[in-house]
Amino acid sequence: MAEPLLRVEKLVRRFGGIVATDNVSLDVAAGELHAIIGPNGAGKTTLISQLTGHLEPHSGSVSLGGRDITYLPAYRRCALGLARSFQITSLLLDFTAADNVALAAQAHAGHSFRFFANARKEKGLRDAAHAALDRVGLAHRADVLVSKLSHGERRQIELAVALASKPKLLLLDEPMAGLGVTESQGMVKLLQELRREVSIVLVEHDMPAVFALADRISVLVYGRVIASGDPAAIRANEDVKRAYLGDQHVVTHHG
Amino acid sequence: MKTFSVSKAVTAVMLAGLVLLPLYSYLSGNIFILTLFTRIVILALAAASLNLIMGFGGMMSFGHAAYLGIGGYAVGMLAQEGVGSGFIQFPVALAASAIYALVIGALSLRTRGVYFIMITLAFAQMAYYVASGLARYGGDDGLTVYKRSDFSGLINLSNRTQFYYLCLACLFGVIFLIWRIVNSRFGLVVQGLRSNEQRMQAIGFPAKRYQLVCFVISGTMCGLAGALLANNTDFVSPAVMYWTRSGDLMVMVILGGMGTLFGPVMGAVVYLLLEEFLSQITEYWALIMGPLLLLIVLFGRGGIMGLLGRLNRG
């Protein structure tokens, strides 16, 4: 098998006596949508934070496209093609939607030590922003301040921002969090399309969405990967049923 | 789509007033007002430079007066050593301010929030005590600048009107630069960092580098104000760096409107005129000034510019 796009090896992160990430290893192949699920407190966000560079692991390694990025700062990983969305929406509230996305494009269009020309009139950046906004279906809201957008729209902007950096790998931390039924369906549809263009690591609580989207699923419990495989295998896995899915009828219902 | 707005109109009137002031001073024979406004324009320049990091960059520097001192001492010390040329004095003043800003910024920007405020304050106080210790240059008593910067006939700084227009040109020049900067790629990054640093790092911007460059630009601009101020008062002393002076600059920025282009100018004009006016009425002018400022900060969020903006909508 070719070198995976993302390889996580024996990652360990402790908080005091608690091992939040316990020897986690996983691979994400190019073109794959890899979902990470697990009950609350399983260490999903801790794991994501180590992938994005917001948290340093105590041991183990993370590599992207064969390059060791374990201790690279967040902005350098981003330059290598790693983009993320936040579980809790994190945008520039006093900027317009277009500005938010254009800044992401700008971050990947050379350095920003340009002091004189009006950046809002740079066609390349604006076009990239509008393309990304269009991709998530928000082109008509481009000039609205993010603080005036609905929660659902902000989730979409999060995605547009991540897309504007033309990433190789997209880390999505609960993109459906707080969305209504229709909005969730829209997001699933959007992710269905995006997965053809970019590899995705998806952390999500919405089980029907995960099982509809994922090529492979890793199940995290108490910081450990207890199972990893395709959706059918995960659904059939006894450990997973016992530890996590057991009484969640959603999954059986769905299957 | 240019629309009329109260804040634009008031700004235009203020700027026209500043430009025409020497004419008024000449016609009315009131020389004092020109001296007063020269000082106002110089401190407006300092406030505008502070606004670049504080209003647009979200970096609450409580040590900005240090640059007034550094720019001023550069002029004063060179003059004392027999280097009277403004073509040397001014570049040295700017360079010294830039270097100081680079060092202080590199150290201070490791901290955030209230620690940043405290550490910039601490460095400015250090600069104050260093200046107090310069026995050769007057120490505590300060240093008299016997001859103003010499621009070899190009402009005569001892001529009140010429000097006033030089200061005003510097102020307009700096505001023009700030206007270009805040709309540039660099400016958007700096303002993005003010808004949400975590997000900016996540999309790939190394935060500190941009903030540091902004800090240096701001400090250099304020150094220019310092060099002008020393020429204006023919004197420079450690007192210009004292922390209350940094506080004055902050008040001007907040009073006028943080993160607006002309707010600091408005703030400087109003603050210094009030100070002048009230101190003529009573020795206890601060007793009136304090509550007045409090009211504006409490009820006029966004300062005077914010108030004017609301007038427009209401």
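This text goes with the structure placed above it.
Residues numbered from 1 in each chain as written. Chains lettered and ligands numbered in written order. Predicted model: local features only at pLDDT ≥ 70, side-chain atom pairs only at ≥ 80, totals over all residues.

Draft legend 1. Geometry of the overall build of chain B. From N to C terminus, chain B includes 13 helices and two strands. Over its C-alpha trace chain B gives a radius of gyration of 19 Å, about what one expects of a compact globule, namely 20 Å for 314 residues. For chain B, the residues scored as buried account for 49% of the 314 residues in total. Once local pairs closer than 6 in sequence are excluded, the contacts in chain B between residues at least 24 apart make up 77%. (Helix = DSSP H or I, 4+ residues; strand = E, 2+ residues; numbered from the N terminus. Rg over C-alpha atoms; globule rule 2.2 N^0.38 Å. Buried ≥ 20, exposed ≤ 12 C-beta atoms within 10 Å, placed from the backbone. Contact = placed C-beta atoms within 7 Å.)

Draft legend 2. Spotlight on the pairing of strand β9 (residues 216-221) of chain A. Residues and elements named next belong to chain A. The element β9 is largely enclosed, with a buried count of five among its six residues. When strand β3 (residues 33-37) meets β9, the two strands line up parallel, connected through four bridges. Note on β9: the bridge partner recorded for I36 is S218. The sheet contact formed by β9 and strand β10 (residues 224-229) spans five bridges and is antiparallel. Paired with V221 across the strands is R224, a residue of β10. The hairpin turn running from β9 into β10, its antiparallel successor, is two residues long, and Y222 in that turn takes a positive phi close to 50°. (Pairing = 2+ DSSP bridges.)

Draft legend 3. Highlighting the interface of chain A and chain B. Listed by partner, the interface residues are 28 residues for chain A and 21 residues for chain B. Of all the secondary-structure elements, those providing two or more residues to the side of chain A that touches chain B are α2 (74-79) and α3 (97-107) of chain A. A class-by-class count of the residues in the side of chain A that touches chain B yields 17 nonpolar, seven polar and four charged. (Nonpolar A, V, L, I, M, F, W, Y, C, P; charged D, E, K, R; others polar.)

Draft legend 4. Up close: the packing of helix α3 (residues 65-80) of chain B against helix α4 (residues 86-108) of chain B. All names here are of chain B. For the pair α3 and α4, the least separation of the axes is 8 Å and the interaxial angle reads 145°. You can see that α3 and α4 cross each other, and the crossing is right-handed. Counting all contacts with α3, which are made through A66, Y67, I70, G71, A74, V75 and L78, the residues of α4 involved are I88, Q89, V92, A93, A96, S97 and Y100. Grouping the constituent residues of the contact of α3 with α4 by class yields eleven nonpolar, three polar and no charged. (Axes fitted to C-alpha atoms, helices over the stretch in contact; angles between N-to-C directions. Left-handed = near helix turned anticlockwise from the far one by under 90°.)

Draft legend 5. Structural context of the environment of V182(B). Residue and element names in this part refer to chain B. In this structure, V182 sits in helix α6 (residues 160-183). Residue classification places V182 among the buried residues on the basis of 22 C-beta atoms within 10 Å. Residues V182 and Y137 lie 45 residues apart in sequence; the distance between their C-alpha atoms is 38 Å.

Draft legend 6. Main features of the sheet that holds strand β5 (residues 67-68) of chain A. Residues and elements named next belong to chain A. Read across the sheet, four strands follow the order β2-β1-β4-β5 without closing on themselves; strand pairing throughout is antiparallel. Two strands close off the open sheet at either side, each with one partner strand: β2 (18-28) and β5. Taken together, the seven bridges between strand β1 (residues 6-15) and β2 define a ladder with antiparallel strand orientation. When the bridges of β2 are listed, R13 appears paired with T21. Strands β1, β2 and β4 (59-64) of the sheet are contacted by helix α1 (residues 44-52), whose axis makes an angle of about 60° with β2.

Draft legend 7. The arrangement of helix α5 (residues 151-164) of chain A in detail. Residue and element names in this part refer to chain A. With 14 residues, α5 extends 20 Å from end C-alpha to end C-alpha; this agrees with the ideal 20 Å at 1.5 Å per step. Judged by how many residues are buried, α5 sits mostly within the fold: eleven of 14 residues are covered. Buried within α5 we find R154, R155, Q156, I157, E158, L159, A160, V161, A162, L163 and A164. Buried residues belonging to α5 abut β6 (82-85), α3, α4 (123-135), β7 (169-173) and α6 (181-194). Downstream of α5 by one or two residues, K166 has phi in the positive range, about 45°. (Expected span 1.5 Å × (residues − 1).)

Draft legend 8. Local environment of the packing of helix α2 (residues 31-56) of chain B against helix α11 (residues 263-281) of chain B. All names here are of chain B. Viewed as axis vectors pointing N to C, α2 and α11 meet at an angle of 140°, and their least axial separation amounts to 8 Å. It follows from the interaxial angle that α2 and α11 lie oblique. With respect to the hand of their crossing, α2 and α11 are arranged in right-handed fashion. Contact residues: α2 offers L36, R39, I40, L43, A44, A47, A48 and N51, while α11 offers G263, P264, V265, G267, A268, V269, L272 and E276. (Parallel < 35°, antiparallel > 145°, perpendicular 65-115°, else oblique.)

Draft legend 9. View of the sheet that holds strand β8 (residues 199-203) of chain A. All names here are of chain A. Taking strand neighbours across the sheet as the criterion, the six strands line up as β6-β7-β8-β3-β9-β10 in an open arrangement whose pairing is mixed. Edge positions in the sheet fall to β6 and β10, since each has one partner strand and no second. Across the sheet, the axes of successive neighbouring strands diverge by a mean angle of 15°, strand direction being ignored.

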